Amino acid sequence: MRGARSIAALALAAIALSCGPRVSDYRKAVEEAWSLERKGQFEEAAAAAAKAGGLAGNPRDRDEALFLKARMLVEAGLYDEARAIFVELRKSAVEESMRGRAIYELGLIALAEGNKGEAKTYFLALIAEYPDHGLCSVALKKTMVIVEETGGEPAVRSLLSGLLHDALKSSFGDDVLWELAKLDRKAGRLAKAESWLLMIHKAYPYPKGGAAFEYLFLLAEVKEEQGKLDAAVAWLQTVADTTETSYLIGDYNDDAKAQALLKMGKLYFQKMNSPDKAYETFMKVVKLDWATRSDDGLWWAAQVRFAQNRGKEACELLSKLVKTYEVSNFKRKSLKIIQGSPCAGP
């Protein structure tokens with residue numbers, strides 16, 4: 001009897017495991033909508049999303065389903081129906097992120113209909129109402145394109161200057177500062193560009209700001225253009241130091257670090273007449289063992305050794321490059337040098 005009960009218990013357990021967690025009807029309807037979208041059946045996808053909205057167990061899921069329905073209607077070219085949903089979501093969505101997404105989508109519909117003035121109004125509304133929203137930087141870029149078409153660079157500058165005061169109260173500030181810096185750098189106003197970049201460095205340093213390491217690279221470029229090479233190297237060193245390996249999570253910024261070291265090495269080699277520092281810096285890139293950058297380090301380290309008339313070492317570096325990095329952009333050039341003079345010898 002005991003054995004029979006054990007067998008029955010095992011059978012019930014097996015049935016339970018085979019069934020697994022049940023997929024909700026809401027989730028099934030959402031997945032059906034996405035499946036129809038992939039087939040290009042946008043109106044049918046919108047209907048499936050509407051069905052999901054009716055099955056939603058909470059307001060957040062309902063908003064997500066409505067948003068999906070509206071997006072499918074946009075894909076189907078049914079802008080008026082989609083607009084009505086986005087207008088409603090802008091007013092009543094339970095989460096700010098969804099309300100902001102709705103405003104952005106209203107701007108995209110206006111653009112699709114050729115109404116750039118209305119699109120600009122929506123994009124600026126998103127920035128004003130939800131400055132910390134992740135879509136604000138994209139909305140800003142789209143607004144800048146619209147403004148530049150009619151007013152050129154002065155109008156863009158006026159737009160950014162007008163946004164700056166309020167933007168600095170939020171995470172959106174570095175987006176405006178970044179665009180101002182690029183604008184002034186492009187126009188040759190290097191001192192002004194530097195001042196915007198230094199504001200980013202003070203208020204939105206990595207990892208706080210969205211400009212990440214880009215503003216540091218641009219600071220280095222500005223100093224290089226000003227002929228202040230030591231300062232350029234110092235900013236590149238800041239990138240390298242900022243990306244030093246964490247004992248807890250490792251180094252997930254190897255590419256930025258490798259780029260900084262490569263730029264530093266080239267400055268030492270090509271402009272600062274410091275080949276030994278250049279070689280040391282390029283070899284740091286090699287030691288990173290970063291598949292898409294370490295071969296660059298080997299190539300440039302070899303160029304330094306050739307320039308120092310240390311051809312044997314240079315050829316050994318190129319041989320290592322060829323053997324280690326099968327898909328290197330420098331492989332063909334390296335092979336040509338290895339097979340010819342000076343590596344092949346007499």
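Only a predicted model underlies this, so the values are computations on that prediction, with no experimental measurement involved.

Turning our eyes to something else, we now look at the overall build of the protein chain. A tally of helices and strands in the protein chain yields 17 helices and 0 strands. The proportion of buried residues among the 346 residues of the protein chain is 41%. In the protein chain, the share of contacts with a sequence separation of at least 24, taken over all contacts with a separation of at least 6, comes to 49%. As displayed, the protein chain has an accessible area near 18,900 Å², and 54% of this comes from carbon and sulfur atoms.

This brings us to the state of the cysteines. Should the sulfur atoms of two cysteines be covalently bonded, the bond is a disulfide. Counted under the stated rule, the structure contains 1 disulfide. Residue pairing for Cys 315: its cysteine sulfur links by disulfide to Cys 343, the two sulfurs lying 1.9 Å apart. Taking the sign of the S-S torsion, -95° for the link of Cys 315 and Cys 343, the bridge is left-handed. Placement of Cys 315 in helix α16 (residues 311-324) and of Cys 343 in the segment after α17 (331-339) is noted, with a sequence separation of 28 residues between them.

Most often, soluble globular proteins have nonpolar side chains that are buried together. Phe 86, Val 176 and Leu 197 are the most contacted members of the largest nonpolar core, which has 104 residues in total. The greatest single-element share of this core, amounting to 12 residues, is contributed by helix α8 (residues 136-167). Apart from the residues lying within four places of it in its own chain, the contact partners of Val 176 are Leu 140, Leu 160, Leu 163, Leu 164 and Ala 167.

Time to look at the packing of helix α6 (residues 96-112) against α8. A packed helix pair is summarised by two numbers, namely the angle formed by the two axes and the spacing between the axes. Orientation of α6 relative to α8, taken along the N-to-C sense of each, is 30°, at an axis distance of 11 Å. Classed by the angle they form, the pair α6 and α8 counts as roughly parallel. In the packing of α6 onto α8, the handedness of the crossing is left-handed. Where α6 abuts α8, its residues Tyr 104, Leu 108 and Leu 111 lie against Val 138, Ala 139, Lys 142 and Ile 146.

For the rest of this paragraph, the subject is the packing of aromatic side chains. The relation between two aromatic rings is expressed through the spacing of the ring centres and the mutual angle of the planes. Here the structure, examined in full by the defined rule, presents 6 aromatic pairs. Each ring, one from Tyr 104 and one from Phe 123, has its centre 5.6 Å from the other, and the planes form 40°; the classification is tilted. Linking Tyr 104 in helix α6 with Phe 123 in helix α7 (residues 116-129), this pair joins segments that are 19 residues apart in sequence. Through a chain of ring-to-ring contacts, three or more aromatic side chains come together here, namely Phe 269, Phe 282 and Trp 300. Looking at Arg 101, its charged tip hangs above the ring of Phe 67, at a distance of 4.0 Å from the centre. Over the face of the ring belonging to Tyr 279 we find Arg 305, whose NZ or CZ atom lies 3.4 Å from the ring centre.

A few words now on the side chain of Ser 334. Looking at where Ser 334 falls in the secondary structure, it is placed in helix α17. Judged by its relative accessible area of 0%, Ser 334 falls in the buried class. There is a polar contact of 2.8 Å between the side chain of Ser 334 and the backbone oxygen of Phe 330. If we ignore the near neighbours within four places in the chain, the residues touching Ser 334 are Trp 299, Leu 318, Leu 321 and Val 322.

One can describe the packing of helix α4 (residues 59-75) onto helix α5 (residues 79-92) by two numbers: an axis separation of 8 Å at closest approach and a directional angle of 155°. Viewed along their axes, α4 and α5 adopt a mutual orientation that is roughly antiparallel. The crossing of α4 and α5 is left-handed. Residues Arg 62, Asp 63, Leu 66, Phe 67, Lys 69, Ala 70, Arg 71, Leu 73 and Val 74 of α4 form the contact with α5, whose own contacting residues are Tyr 79, Glu 81, Ala 82, Ile 85, Phe 86, Leu 89 and Ser 92.

Structurally, the position occupied by Thr 143 is in helix α8. When its relative accessible area of 0% is taken as the criterion, Thr 143 is described as buried. Among the polar contacts made by the side chain of Thr 143, one reaches the main-chain carbonyl oxygen of Ala 139 at a distance of 2.7 Å. With sequence-adjacent residues up to four places away left out, Thr 143 is seen in contact with Lys 120, Phe 123, Leu 124 and Leu 159.

Here the focus is the confidence of the model for the protein chain. Per-residue pLDDT for the protein chain averages 90, and the proportion of residues at 70 or more is 90%. Below a pLDDT of 50 lies the segment residues 1-21, which in the model reaches 0 contacts outside its immediate sequence neighbourhood of four places, other chains included. Note that pLDDT drops below 50 for residues 245-251; the model gives that stretch 5 contacts with residues more than four away or on any other chain.

Evaluation of the coordinates by the stated rule reveals 23 salt bridges. In this structure, Arg 83 engages Asp 80 in a salt bridge whose closest nitrogen and oxygen atoms are separated by 2.8 Å. Taken together, the positions of Arg 83 and Asp 80, both in helix α5 and 3 residues apart, correspond to about one turn of that helix. Judged by its relative accessible area of 19%, Arg 83 is buried. For Asp 80, a relative accessible area of 57% puts it in the exposed group. Linked through salt bridges whose partners overlap, the residues forming this network are Glu 153, Arg 157, Asp 184 and Arg 189.

Analysis parameters
- Residues numbered from 1 in each chain as written.
- Predicted model: local features only at pLDDT ≥ 70, side-chain atom pairs only at ≥ 80, totals over all residues.
- Heavy atoms only, no water.
- Helix = DSSP H or I, 4+ residues; strand = E, 2+ residues; numbered from the N terminus.
- Buried < 20%, exposed > 50% of the residue type's maximum accessible area, 1.4 Å probe, protein only.
- Contact = heavy atoms within 4.5 Å.
- Areas by Shrake-Rupley, 256 points an atom, 1.4 Å probe, with all protein chains shown as cover.
- Disulfide = S-S within 2.5 Å.
- Core = buried A, V, L, I, M, F, W, Y, C linked by side-chain atoms within 4.5 Å.
- Axes fitted to C-alpha atoms, helices over the stretch in contact; angles between N-to-C directions.
- Parallel < 35°, antiparallel > 145°, perpendicular 65-115°, else oblique.
- Left-handed = near helix turned anticlockwise from the far one by under 90°.
- Phe/Tyr/Trp six-rings, centres within 6.5 Å; stacked < 30°, edge-to-face > 60°.
- Lys NZ or Arg CZ within 6 Å of the ring centre and 35° of its normal.
- Polar contact = N/O pair within 3.5 Å; in protein donor to acceptor, adjacent residues only side chain to side chain.
- pLDDT = per-residue confidence, 0-100.
- Salt bridge = Lys/Arg side-chain N within 4 Å of Asp/Glu carboxyl O.

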